[in-house]
Amino acid sequence: MMPDLGKYAVTVLSSYGVTLVLLAGLVALSWARHQRVRRALQQAEARTGREG
Amino acid sequence: MIALLLRDLRLAMRAGGGFGLGLAFFLLVAVLVPLGVGPEGGVLARIAPGILWVGALLACLLSLDRLFALDHEDGSLDLLATAPIPLEGVVAIKALAHWLVTGLPLTLAAPLLGVLLHLPDSGQVWLVASLAVGTPALSSIGAFGAALTVGLKRGGLLLSLLVLPLYVPTLIFGAEIIKRGAAGMAVEVPLLLLAGITLGAAAALPFASALALRINLR
Amino acid sequence: MSIWEYANPKKFIATAQRVLPWVATGAAVALIMGLIWGFFFTPDDYKQGSTVKIIFLHVPAAMMAINAWVMMLVTSLVWLVRRHHVSALAARAAAPVGMTFTLIALATGAFWGQPMWGTWWEWDPRLTSFLILFLFYLGYVALWEAVENPDTAADLTAVLCMVGSVFAVLSRYAVKFWNQGLHQDSTILKVGEKDPLDPAYYWPLAVCIAGFILLFVALVLLRTITEIRLRRLAVIEARERLGS
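Residues numbered from 1 in each chain as written. Chains lettered and ligands numbered in written order. Predicted model: local features only at pLDDT ≥ 70, side-chain atom pairs only at ≥ 80, totals over all residues.

### A look at the overall build of chain B
At step 1: Regarding its fold elements, chain B presents ten helices and zero strands.
At step 2: Secondary structure elements in chain B, listed N-terminal to C-terminal, are α-α-α-α-α-α-α-α-α-α.
At step 3: Relative to a compact globule of 218 residues, whose C-alpha radius of gyration would be 17 Å, chain B shows 18 Å and is just as compact.
At step 4: In terms of overall dimensions, chain B has a C-alpha envelope of 55 × 35 × 30 Å along the principal axes.
At step 5: Contacts in chain B between residues at least 24 apart in sequence constitute 80% of all its contacts with a sequence separation of at least 6. (Helix = DSSP H or I, 4+ residues; strand = E, 2+ residues; numbered from the N terminus. Rg over C-alpha atoms; globule rule 2.2 N^0.38 Å. Contact = placed C-beta atoms within 7 Å.)

### Quick notes on the overall build of chain C
At step 1: Helix and strand content of chain C: six helices and zero strands.
At step 2: Helices and strands appear in chain C in the N-to-C order α-α-α-α-α-α.
At step 3: The buried share of chain C, reckoned over its 244 residues, is 47%.
At step 4: In chain C, 78% of the contacts between residues at least 6 apart in sequence involve partners at least 24 apart. (Buried ≥ 20, exposed ≤ 12 C-beta atoms within 10 Å, placed from the backbone.)

### What about the nonpolar core?
One recurring pattern in soluble globular proteins: nonpolar side chains tend to sit buried together.
At step 1: The biggest cluster of nonpolar side chains holds 156 residues, and the ones touching the most others in it are A147(B) and A212(B).
At step 2: Filtering out sequence-adjacent residues up to four positions away, A147(B) remains in contact with F68(B), V91(B), S209(B), A212(B) and L213(B). (Core = buried A, V, L, I, M, F, W, Y, C linked by C-beta atoms within 7 Å.)

### Notes on the interface of chain C and chain B
Accessible area lost upon the coming together of the parts is a frequently used measure of interface size.
At step 1: The interface is formed by 21 residues belonging to chain C together with 20 residues belonging to chain B.
At step 2: If you list the elements that add at least two residues to the side of chain C that touches chain B, you get α4 (125–146) and α5 (150–178) of chain C.
At step 3: Looking at the side of chain C that touches chain B element by element, the count peaks at twelve residues for α5(C).
At step 4: Along the lines of polarity and charge, the residues of the side of chain C that touches chain B split into 17 nonpolar, three polar and one charged. (Nonpolar A, V, L, I, M, F, W, Y, C, P; charged D, E, K, R; others polar.)

### Description of the UniProt feature "transmembrane region" (unreviewed entry) in chain B
Residue and element names in this part refer to chain B.
At step 1: The positions that UniProt labels "transmembrane region" (unreviewed entry) are, in the present scheme, residues 12–37, 43–64, 96–119, 125–150, 157–178 and 190–213.
At step 2: For residues 96–119, the helix share is 88%, the strand share is 0%, and the end-to-end C-alpha distance is 29 Å.
At step 3: For the annotated span residues 190–213, helix accounts for 100% and strand for 0% of the residues, and the straight-line distance between the end C-alpha atoms is 32 Å. (UniProt positions renumbered as here; feature names shortened; annotations may be inferred.)

### What to know about unusual backbone geometry
At step 1: The residue H118(B) is not glycine, and still its phi comes out positive at about 60°.
At step 2: The topology assignment puts H118(B) in the loop between α6 (87–116) and α7 (121–148).
At step 3: Of note in this structure, R83(C) is not a glycine but carries a positive phi near 55°.
At step 4: Inspection of the secondary structure assignment puts R83(C) in the loop between α2 (55–82) and α3 (85–117).

### Focus on the environment of L57(C)
At step 1: Within the secondary structure, L57(C) sits in helix α2.
At step 2: Overall, the presence of 30 C-beta atoms within 10 Å leaves L57(C) in the buried class.
At step 3: Apart from residues lying up to four places away in sequence, L57(C) is in contact with S15(A), Y16(A), T19(A), I104(C) and T108(C).

### A look at the packing of α2(C) against helix α6 (residues 199–243) of chain C
Residues and elements named next belong to chain C.
At step 1: Packing of α2 against α6 brings their axes to within 9 Å, and their N-to-C directions diverge by 40°. Compared by their axis directions, α2 and α6 come out oblique. Both α2 and α6 take part in a crossing whose hand is right-handed. On α6, the residues that touch I55, F56, V59, P60, A61, M63, M64 and A68 of α2 are Y201, P204, L205, C208, I209, F212, I213 and F216.
At step 2: Classifying every residue of the contact of α2 with α6 gives 16 nonpolar, no polar and no charged. (Axes fitted to C-alpha atoms, helices over the stretch in contact; angles between N-to-C directions. Parallel < 35°, antiparallel > 145°, perpendicular 65-115°, else oblique. Left-handed = near helix turned anticlockwise from the far one by under 90°.)

### A few points about the arrangement of the chains
At step 1: The interface with the highest contact count, out of two pairs of chains in contact, is the one between chains A and C.
At step 2: Between chain A and chain B there is no contact, and the shortest C-alpha to C-alpha distance separating them is 23 Å.

### Some remarks on the environment of D151(C)
At step 1: Mapped onto the fold, D151(C) is located in helix α5.
At step 2: In sequence terms D151(C) and A88(C) are 63 residues apart; their C-alpha atoms lie 8.9 Å from each other.

### With respect to the interface of chain A and chain C
At step 1: Listed as interface residues are 24 residues of chain A and, on the opposing side, 30 residues of chain C.
At step 2: Residue composition of the side of chain A that touches chain C, grouped by class: 13 nonpolar, eight polar and three charged.

### Observations regarding the UniProt feature "transmembrane region" (unreviewed entry) in chain C
All names here are of chain C.
At step 1: If you check UniProt for "transmembrane region" (unreviewed entry), the listed places come out as residues 20–42, 54–81, 93–113, 125–144, 156–175 and 201–222 in our numbering.
At step 2: The straight-line gap between the two end C-alpha atoms of residues 20–42 is 31 Å; of that span, 91% is helix and 0% is strand.
At step 3: The span residues 201–222 is 100% helix and 0% strand, and its two end C-alpha atoms sit 31 Å from each other.

### Digging into the packing of α7(B) against helix α9 (residues 168–182) of chain B
Residue and element names in this part refer to chain B.
At step 1: Direction vectors running N to C along α7 and α9 enclose 165°, while the axes themselves pass 8 Å from each other. It follows that α7 is roughly antiparallel to α9 by the angle criterion. In this structure, the crossing between α7 and α9 has a hand that is right-handed. Taken together, the residues of α9 that come into contact with α7 (itself represented by S122, G123, V125, W126, L127, S130, G134, A137 and L138) are T170, G174, I177, I178, G181 and A182.
At step 2: Counted by class, the contact of α7 with α9 contains eight nonpolar, seven polar and no charged residues.

### Observations concerning the environment of R10(B)
Residues and elements named next belong to chain B.
At step 1: Position of R10 among the secondary structure elements: in helix α1 (residues 2–14).
At step 2: The exposure class assigned to R10 is exposed, which follows from the 11 C-beta atoms found within 10 Å.
At step 3: Once the C-alpha coordinates of R10 and D74 are considered, the two residues, 64 residues apart in sequence, prove to be 17 Å apart.

This is the structure in structure tokens:
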């Protein structure tokens, strides 16, 4: 299954690792912030009774 | 406009050493670098163009946050904005005043520091020429950065973050002129490009700076 | 029906929420497919060995890092000219995404350069330009964070984006002038020339590029919705403070 990366295994794997970590971090942060803001806005709108 | 220029110059001379500060900083950089790098003349001569230009850049940066901030605090910036002369002109004059109190002294003092850093004699002419041509661009780009950050409480650090990337082309061409000049190569191309940046920045950036100032004064 | 209808935040959110799942799914499918294809099923290059597999990350990230800035420039102009808030917020939403892509391009470039050029970092024109681009992103994001009034912040960052674009292009040419560099020229646009990219790499690369584009669109949509809601929340809270 695992392809033979030869002597460059560390290089290739760390490139993929860094990229995936950065992308996953970006997606996770964006999503978490999205949810937080959505909930806060819902609460605020419920408080004021004003429709969004 | 002349009156404004004279007023700015007088303020810079008087207000607690703002005038000499940049120059002293420039001198310190030129003294500290050999202490850090070691006293070998060959190494120093090679890095001298870069050090002198980076030093000039940072010395320019030091006094930038005062460019509009003082006038903003005491309200005279609002007066200037409503004055009959256009705000673009005010910005250009202020950048000119900034150049006269930082860029010009740096240019005149540079040969002395060039000697300290073992810059070859053939490079001295080009050191002065490149600084004379390039430092006006530093002032007018800096005025733009200062206009962006004028209303902010801790604008100084942000100002350097915004302005230093904009200084990259000026730095590259400026240092390149000295390097080529010292090595006896032709310098026309970088010199013309640097002059182009300076003229372009002096012509176009006051409009962007005035726009940013108006936004901040709103 | 014109594109300006989406300047209405409510309409934008409604449409974005309808589109978002599709774009996000597409991004996930394309990225997973492209990266698996690229990682497991491509041959080694005769010169570069298995490091050629980094191309599937490096090239799309670098492309999108530049395209993100271009998109910010366009939306900033739209904001300055037509004063549509969604446009300004979209620029704000795109900046951290573009910054992350720049970082990915730099990191993979460093990993790739280490075995190929024998050094982690080379002051090569392309790498240097990307480092400078990263600094521009940093300044842009910092200015957004620093200014409190949202409209002032939008105006100032839009002006910075325009001036910054001019200087970014200038820096690119200055850096080229300064050092000729080791980096090879772009290979994807060389189709039909004497040294084209091998088809074995071309298709997985195309899928990866599509994946990065879709991912960018999805993230910008999501983050723009967040920014719009954040703005609304601020308005409601300000109103409450006034009322109570």
